[in-house]
Amino acid sequence: MTHFLSILDLTRGDVEEIFAAAARLKTQQKRGEPHHLLQGRTLAMIFEKPSLRTRVSFEVGMFQLGGHTIHLAPETVQLGVRESVSDVARNLGRWVDGIMARVFHQATVEALARASGVPVINGLSDREHPCQALADVFTLSEHGFDPKKTRLAFVGDGNNVCHSLVLLAGLLGMTIVVSSPNGFEPDLDVVQRARALGASVELVHVPVEAVRGADAIYTDVWTSMGQEAEREKRVRAFQGYQVNRALVAHAKPGARVMHCLPAHRGEEITDDVLDGPQSLALAQAENRLHVQKAVLVRLLGRHV
Ligand code: CP
Ligand code: NVA
């Protein structure tokens, strides 16, 4: 593992090691034990889109590991506009020990990885959100769900978050049922890759069918960053795909509800469900920190 651009960069063993390291780092952090495994290391963070969780969790994570971050806002770098992606990468590679990038196109993180000479982490692209999926399945494990015995229903847009979850399900043998309207299904090649890895990936259109027997229900916004012009069309297309109390009632009793956040409350999810006792959303957000620290130590430092 030299870069983390996709869930496909990992083996099942990598995931197990990352989860074990994340659990250790989480305990150390809660106990207030110093764990400066990346002392003197610097991570550049390039953002083409807004962020709360990704920015803060990487920044806090590097700080807790004794390292440092540099936040590069969209207007600062202007990737591919002020300077080519490869020129940016080649310069950054002379100063920093790693790059985390949130980009419009998966090809951009791939180009950064080719040119920089340092590890590159995908902090969300059009194609994937691999750090999110790792934190999500780690959260499920913490709450007693063995991936091999877990049935996850993803209700909504077959987007970047859905893709990474589908691929991670493939790696770990988790069952995932995706329920999206016509034309908003996950990319077929992602589904095929996951199935080739051994996942049971089911695609259905009716949300109630997806959640029946589910241990957890996951949803994400209907309009992702960069798709704002399609918002009205999407809100129309996704009617009936809201995760609300009536839908959750069709899952296993006490089924968990997951959301990567930010949420568009009242669209893909209702307040009572997102803020209710079955919601794992804030645990997922917290675990971004711990899981990403494990990824950072693996890529930028010595093993824990
Ligand atoms: N879930 C997530 O990546 O949140 P941000 O967009 O706030 O980083
Ligand atoms: N699918 C969402 C995820 C945000 C974390 C987006 O790309 O905007």
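Remember, it's a predicted structure, so these values are computed and weren't measured experimentally.

A. Region of the structure containing the nonpolar core. Counting residues in hydrophobic clusters, the biggest one holds 58 residues, and the most contacted among them are Phe4, Ile121, Leu134, Leu165, Leu168 and Leu296. At nine residues, helix H7 (residues 160-172) tops the list of elements feeding residues into this core. Residues Ala210, Ile217, Leu247 and Ala281 belong to the second largest nonpolar core, which totals 23 residues.

B. Inspection of the sheet that holds strand E3 (residues 98-102) at higher detail. Strand order in this open sheet of four strands is E2-E1-E3-E4, and the pairing throughout is parallel. This sheet does not close on itself; its edge strands, each paired only once, are strand E2 (68-72) and strand E4 (120-122). With strand direction ignored, the average angle separating the axes of adjacent strands in the sheet is 20 degrees. Across three bridges, E3 lies against E4 in parallel orientation. When the bridges of E4 are listed, Ala101 appears paired with Asn122. Contacting strand E1 (42-47), E2, E3 and E4, helix H2 (residues 53-64) crosses the sheet at an angle of about 175 degrees to E1.

C. Molecular detail of the site of ligand 2. Around ligand 2, a shell composed of Leu124, His129, Asn159, Asn160, Val161, Asp220, Val221, Ser224, Met225 and Leu261 is seen. In this structure, Asn160 approaches ligand 2 through a side-chain N or O atom, which is 2.9 Å from an oxygen atom. Ser224 places a polar side-chain atom, nitrogen or oxygen, 2.7 Å from a nitrogen atom of ligand 2. Bound to the protein, ligand 2 loses 95% of the 270 Å² it would expose on its own. Each residue belonging to the shell around ligand 2 can be placed in one class, and the counts come to five nonpolar, four polar and one charged.

D. Representation of the side chain of Glu267 in the model. Relative to the assigned elements, Glu267 resides in the loop between strand E9 (256-259) and helix H12 (271-274). Apart from the residues lying within four places of it in its own chain, the contact partners of Glu267 are Trp222, Arg231, Val235 and Gln242.

E. Main features of the sheet that holds E9. If you trace the five strands from one edge of the open sheet to the other, you get E7-E6-E5-E8-E9, paired in parallel fashion. Only two strands of the sheet have a single neighbouring strand rather than two, namely strand E7 (200-204) and E9. When strand polarity is set aside, the average angle formed by the axes of neighbouring strands in this sheet is 20 degrees. Running at roughly 155 degrees to strand E6 (residues 175-179), H7 makes contact with strand E5 (151-155), E6, E7 and strand E8 (216-219) of the sheet.

F. Layout of the site of ligand 1. As a matter of local geometry, ligand 1 sits amid Ser51, Leu52, Arg53, Thr54, Arg102, His129, Gln132, Cys260, Leu261 and Arg288. Between ligand 1 and the protein, one listed contact pairs an oxygen atom with a side-chain N or O atom of Arg53 at 2.8 Å. Within the contact set of ligand 1, an oxygen atom lies 2.7 Å away from a side-chain nitrogen or oxygen of Thr54. Here ligand 1 loses 96% of its free accessible area of 260 Å² to cover by the protein chains. For the shell around ligand 1, the class distribution of residues is three nonpolar, four polar and three charged.

G. Broad picture of helix H1 (residues 12-31). The end-to-end C-alpha distance of H1, which contains 20 residues, comes to 29 Å, matching closely the 28 Å that a straight helix rising 1.5 Å per residue would cover. Listing the buried residues of H1 in full gives Asp14, Val15, Ile18, Phe19, Ala21, Ala22, Leu25 and Lys26. Packing partners of the buried residues in H1 comprise helix H6 (130-142), H7 and helix H13 (281-300). Directly after H1, the chain includes Gly32, whose backbone phi takes a positive value near 75 degrees.

Rules used throughout
Residues numbered from 1 in each chain as written. Chains lettered and ligands numbered in written order. Predicted model: local features only at pLDDT ≥ 70, side-chain atom pairs only at ≥ 80, totals over all residues. Heavy atoms only, no water. Core = buried A, V, L, I, M, F, W, Y, C linked by side-chain atoms within 4.5 Å. Buried < 20%, exposed > 50% of the residue type's maximum accessible area, 1.4 Å probe, protein only. Helix = DSSP H or I, 4+ residues; strand = E, 2+ residues; numbered from the N terminus. Pairing = 2+ DSSP bridges. Axes fitted to C-alpha atoms, helices over the stretch in contact; angles between N-to-C directions. Contact = heavy atoms within 4.5 Å. Near = heavy atom within 4 Å. Polar contact = N/O pair within 3.5 Å; in protein donor to acceptor, adjacent residues only side chain to side chain. Areas by Shrake-Rupley, 256 points an atom, 1.4 Å probe, with all protein chains shown as cover. Nonpolar A, V, L, I, M, F, W, Y, C, P; charged D, E, K, R; others polar. Expected span 1.5 Å × (residues − 1).

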